[in-house]
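Overview (structure and organization)
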Amino acid sequence: MPPTIIIPGSAGQTVAKHLRSSVTRDEAITLYRDILRTAKAFHWCDEKGIPWHSKLRAEARREFEASKEERDPLIIARMLVTGRECVKEVQRKFNDADKKCWDRIRQDSMNRDGGGGGGRGPGRNGN
């Protein structure tokens, strides 16, 4: 299907109506839920002692509330695409950092245990 070009004041109104329909609403809800799920991974606190997941959830809520009244279908589509790309990028970076941490833990464990890798941690005698 060829791309649809929306021209203000023309038949593009039917496309705009479609973009404001439940499909767009469902996409926004899915994006919001993905943001909340991703925010759960940020369990540490900032310098003031506020958990990052709480700050991220509040900011997501603020952004979605501010965007709720938007009616331009192109802007809505752009916000959804940008939001999805940002969530995927954050998830990718978080997973990469997590993998590096686990690799470092395995490497340190192997070095500490003399290369065995399956030994007990320091201070554990197994009794």
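Residues numbered from 1 in each chain as written. Predicted model: local features only at pLDDT ≥ 70, side-chain atom pairs only at ≥ 80, totals over all residues. Heavy atoms only, no water.

1. Digging into the overall build of the protein
- Looking only at helices and strands, the protein features 4 helices and 0 strands.
- Each helix (α) and strand (β) of the protein, taken in turn from the N terminus, gives the series α-α-α-α.
- Counting across all 127 residues of the protein, residues that qualify as buried make up 14%.
- Of all intrachain contacts in the protein linking residues separated by at least 6 positions in sequence, the fraction that spans at least 24 positions is 51%.
- On the protein, roughly 10200 Å² of surface is accessible, and the fraction owed to carbon and sulfur atoms is 56%. (Helix = DSSP H or I, 4+ residues; strand = E, 2+ residues; numbered from the N terminus. Buried < 20%, exposed > 50% of the residue type's maximum accessible area, 1.4 Å probe, protein only. Contact = heavy atoms within 4.5 Å. Areas by Shrake-Rupley, 256 points an atom, 1.4 Å probe, with all protein chains shown as cover.)

2. Observations regarding the environment of Gln 91
- Along the chain, Gln 91 turns up in helix H4 (residues 73–112).
- The class for Gln 91 is partly exposed, based on a relative accessible area of 31%.
- Sequence spacing of Gln 91 and Ala 41 is 50 residues, and the spatial spacing of their C-alpha atoms is 9.4 Å.
- Beyond its immediate chain neighbours, meaning those up to four positions away, Gln 91 contacts Asp 34 and Thr 38.

In short, the description is geometric, and any link to function would need to be established separately.
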